[in-house]
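# Observations on chain architecture
So you can see what is in the structure, the chains are spelled out below.
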Amino acid sequence: MSQLAAPQLVVNSRMLYFGWVPADPDAVAALVPAGLKPMANRQVFMNQYVVDAPEQTSGFGAYSLTYIGPDLEDAYAPDGVTPGRWWTHYFNSSAVVRDYASARGVPAGVGTTTIEIHGKKLTATTTSDGVPVIRTTVRVGRKFGETARGQLRYLTEVGGSFVAGNYPFISEPVADFEVEKLEFLDPTHAVYALRPANPLEITWGFYAPRASFAYPGGETVLD
């Protein structure tokens, strides 16, 4: 771990982050490696966000990212409540960030994310190697809700060991928020295994026009 790059700070990203119950719980469970445990309902998380300017990061530059995977039991964040998370897909527009994430065991691949708002309709689209694979449609308002802060925990595998990274964050979500539609657009892409159940069952989520975090914070090699 001593040879990994220094932590990075990202401020005021535009972030859509939420979770759902999947259509194929067995397929989701199969993506969790032995030694880790998915949640009982096999719920999935996804973060679609955009960093618009280099000045918003301590060294990454501007980039966009969608990451996704199963929530985990028995690997909770420091609050003891929020599940730990296992990345299965990580679609990033920046070679700098992909190299940084790959060194930490993240399955970083080439992709872009766009977030567009027209009135109260937000559309977030994720592409993988230029092909649209995920599209989220959300109703959002302009009034801010209560500021959220804390730490999340993501697990990766580095050199045959699981590594838990704590990621401190501060986000300013909008008060009016509802995921109306979540579409997985390419049945041939591996990420399709994480598609949502029908009807859509959202477990939690937010949209924050300003979300800041350290990437990553403390890291621990697990036994």
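The structure contained in this document is the topic of the report that follows. (Residues numbered from 1 in each chain as written. Predicted model: local features only at pLDDT ≥ 70, side-chain atom pairs only at ≥ 80, totals over all residues. Heavy atoms only, no water.)

Scanning the protein chain from terminus to terminus reveals two helices and 14 strands. Over its C-alpha trace the protein chain gives a radius of gyration of 16 Å, about what one expects of a compact globule, namely 17 Å for 223 residues. Considering only C-alpha atoms, the protein chain reaches an extent of 50 × 40 × 35 Å along its principal axes. Looking at the protein chain residue by residue over its 223 residues, the buried ones come to 49%. Put simply, of all contacts in the protein chain between residues at least 6 apart along the chain, 69% involve residues at least 24 apart. Approximately 10100 Å² of the protein chain is accessible, and the part contributed by carbon and sulfur atoms is 51%. Separation of charge centres in the protein chain, based on 17 positive and 22 negative side chains, amounts to 6 Å. (Helix = DSSP H or I, 4+ residues; strand = E, 2+ residues; numbered from the N terminus. Rg over C-alpha atoms; globule rule 2.2 N^0.38 Å. Buried < 20%, exposed > 50% of the residue type's maximum accessible area, 1.4 Å probe, protein only. Contact = heavy atoms within 4.5 Å. Areas by Shrake-Rupley, 256 points an atom, 1.4 Å probe, with all protein chains shown as cover. Lys, Arg positive; Asp, Glu negative; His and termini not counted. Charge placed at Lys NZ, Arg CZ, Asp CG, Glu CD.)

To continue, consider unusual backbone geometry. One can expect most non-glycine residues to show negative phi and most peptide bonds to be in trans. Cis peptide bonds are those with omega within 30 degrees of zero, and the linkage from Asn 198 to Pro 199 qualifies with 10°. Tracing the backbone shows Pro 199 in the loop between strand E12 (177–184) and strand E13 (202–215). Even without being glycine, Asn 12 reaches a positive phi, approximately 55°.

Further remarks concern the pairing of strand E1 (residues 8–20). Bridge count between E1 and E13: 10 bridges; the pairing is antiparallel. Paired with Gln 8 across the strands is Tyr 215, a residue of E13. (Pairing = 2+ DSSP bridges.)

Strand E8 (residues 121–128) sits mainly inside the fold: seven of its eight residues count as buried. As defined by bridge partners, strand E7 (residues 108–118) adjoins E8 across eight bridges and the pair is classed as antiparallel. Within E8, the residue paired with Glu 116 across the bridge is Thr 123. With antiparallel pairing between neighbouring strands as the criterion, E7 and E8 make up a hairpin whose turn holds two residues, including Gly 119 at a positive phi of roughly 65°. Pairing analysis gives eight bridges linking E8 to strand E9 (residues 131–140), with the strands arranged antiparallel. Following the sheet pairing, Thr 125 is matched in E9 by Arg 135.

On to helix H2 (residues 95–102). Within the sequence span of H2, burial applies to Val 97, Arg 98, Tyr 100 and Ala 101. What you see down the axis of H2 is that its buried residues fit within an arc of 165°, all on one side. Here the buried face of H2 lies against E1, strand E4 (63–73), strand E6 (89–92), E7 and E13. Between a side-chain oxygen at the N-terminus of H2 and the backbone nitrogen of Val 96 the separation is 3.2 Å; the capping residue is Ser 94. (Arc of directions from axis to C-beta. Polar contact = N/O pair within 3.5 Å; in protein donor to acceptor, adjacent residues only side chain to side chain.)

Attention now goes to the side chain of Gln 43. One can find Gln 43 in the loop between strand E2 (37–38) and strand E3 (44–51). Polar contacts involving the side chain of Gln 43 include one to the side chain of Asp 71, which spans 2.7 Å. Excluding residues within four positions of it along the chain, Gln 43 makes contact with Trp 20, Pro 22, Pro 70, Asp 71, Pro 83, Thr 203 and Trp 204.

Right, let's talk about the packing of aromatic side chains for a bit. For the structure on display, the rule yields 20 aromatic pairs. Each ring, one from Tyr 17 and one from Tyr 67, has its centre 6.0 Å from the other, and the planes form 85°; the classification is edge-to-face. Taken as a pair, Tyr 17 in strand E1 and Tyr 67 in strand E4 lie far apart in primary sequence, 50 residues in all. Note on Tyr 17: relative accessible area 3%, which makes it buried. Relative to Phe 162, the ring of Trp 86 lies with its centre 5.9 Å away and its plane at 85°, an arrangement referred to as edge-to-face. One end of the pair, Trp 86, is in strand E5 (residues 84–86); the other, Phe 162, is in strand E11 (residues 161–172), with 76 residues separating them in the sequence. By relative accessible area, Phe 162 is classed as buried at 16%. (Phe/Tyr/Trp six-rings, centres within 6.5 Å; stacked < 30°, edge-to-face > 60°.)

Note that every value here comes from positions in space, so none of it alone points to a role or purpose.
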